[in-house]
Amino acid sequence: MATGNVYIFFNSRDELQRIEVSKIVYFEADGNYTDIVMVNKLRASVCMNLGEMERTLAAQIGDDAKIFMRIGKRFIINMRYVYSINVLKQQLILSDYDHFAFQVTISKEALKNMKELMLVAKV
């Protein structure tokens, strides 16, 4: 990650949200909206689908977007918070080892692919 804090901005007609990229644990699709889950357990919701979110991340934060990985149709996760991948239980646990642990259910195939990618890249 770049020196200093990197932020991403979400602007709508009524609201501006500024979120520190390193504090984002994962994004979850909810129809035409995307929920952003952060380390302090706050959730923000923005009016864009997950594909638009991927493009926004790349456009606004460039190389720093590499810490995020799309998993299946519903999630983009911050690779720095991956704690455990259990393919059989279809379970991914994201944690900072200290203050939070989020458990998300993801398809076996998506988790298997993620596990293989992480082993190759040693992220």
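Everything numeric here is computed off the predicted structure, so don't read it as measured data. (Residues numbered from 1 in each chain as written. Predicted model: local features only at pLDDT ≥ 70, side-chain atom pairs only at ≥ 80, totals over all residues. Heavy atoms only, no water.)

So, the overall build of the protein chain
(1) Moving on: Each helix and strand in the protein chain was counted, giving 2 helices and 10 strands.
(2) Moving on: Along the protein chain, from the amino end to the carboxyl end, the secondary structure elements read β-β-β-β-β-α-β-β-β-β-β-α.
(3) Moving on: Dimensions of the protein chain, computed from the C-alpha atoms along their principal axes, are close to 45 × 35 × 25 Å.
(4) Moving on: A burial count over the protein chain gives 42% of its 123 residues as buried.
(5) Moving on: Surface accessibility of the protein chain: about 7,500 Å² in total, with carbon and sulfur atoms responsible for 49%.
(6) Moving on: Treating the 16 positive side-chain charges of the protein chain as one cloud and the 14 negative ones as another, the clouds have centres 6 Å apart. (Helix = DSSP H or I, 4+ residues; strand = E, 2+ residues; numbered from the N terminus. Buried < 20%, exposed > 50% of the residue type's maximum accessible area, 1.4 Å probe, protein only. Areas by Shrake-Rupley, 256 points an atom, 1.4 Å probe, with all protein chains shown as cover. Lys, Arg positive; Asp, Glu negative; His and termini not counted. Charge placed at Lys NZ, Arg CZ, Asp CG, Glu CD.)

Re the pattern of salt bridges
(1) Moving on: Using the criterion set out here, one finds 6 salt bridges in the structure.
(2) Moving on: Of the charged contacts, one joins Arg-13 and Asp-14 as a salt bridge, the two residues approaching to 3.2 Å between their closest N and O atoms.
(3) Moving on: Using a relative accessible area of 64% as the deciding quantity, one classes Asp-14 as exposed.
(4) Moving on: Of the charged contacts in the structure, one is a salt bridge between Glu-28 and Arg-43, with a shortest N-O distance of 3.3 Å. Remark: Arg-43 occurs in strand 5 (residues 43–46) and Glu-28 occurs in strand 3 (residues 24–30); sequence separation between them is 15 residues.
(5) Moving on: The partly exposed category is assigned to Arg-43, whose relative accessible area is 47%.
(6) Moving on: Connected through shared salt-bridge partners, Glu-28, Asp-35, Arg-43 and Arg-74 make up one network. (Salt bridge = Lys/Arg side-chain N within 4 Å of Asp/Glu carboxyl O.)

Here's the deal with the pairing of strand 8 (residues 82–86)
(1) Moving on: The pairing of strand 8 with strand 9 (residues 91–95) spans 4 bridges and is antiparallel. Each bridged residue has a counterpart across the sheet, and for Val-82 the counterpart in strand 9 is Leu-94.
(2) Moving on: As consecutive antiparallel partners, strand 8 and strand 9 are separated by 4 residues, and within that stretch Gln-90 has a phi angle of approximately 55°, a positive value. (Pairing = 2+ DSSP bridges.)

Focus: the sheet that holds strand 8
(1) Moving on: An order of 8-9-10 is seen for the 3 strands of this open sheet, with the pairing classed as antiparallel. Among the strands making up the open sheet, the edge pair consists of strand 8 and strand 10 (101–105). For this sheet, the mean angle separating the axes of adjacent strands, direction not counted, is 15°.
(2) Moving on: Sheet strands touched by helix 2 (residues 108–121): strand 8 and strand 9. Its angle to strand 8, the strand with the most contacts, is close to 130°. (Axes fitted to C-alpha atoms, helices over the stretch in contact; angles between N-to-C directions. Contact = heavy atoms within 4.5 Å.)

Some thoughts on the packing of aromatic side chains
(1) Moving on: Applying the stated criterion across every chain yields a total of 6 aromatic pairs.
(2) Moving on: Put simply, the rings of Tyr-26, Phe-75, Tyr-81, Phe-100 and Phe-102 pair up and form one aromatic cluster.
(3) Moving on: Taking NZ or CZ as reference, Arg-18 lies 3.9 Å from the ring centre of Tyr-7, over its face. (Phe/Tyr/Trp six-rings, centres within 6.5 Å; stacked < 30°, edge-to-face > 60°. Lys NZ or Arg CZ within 6 Å of the ring centre and 35° of its normal.)

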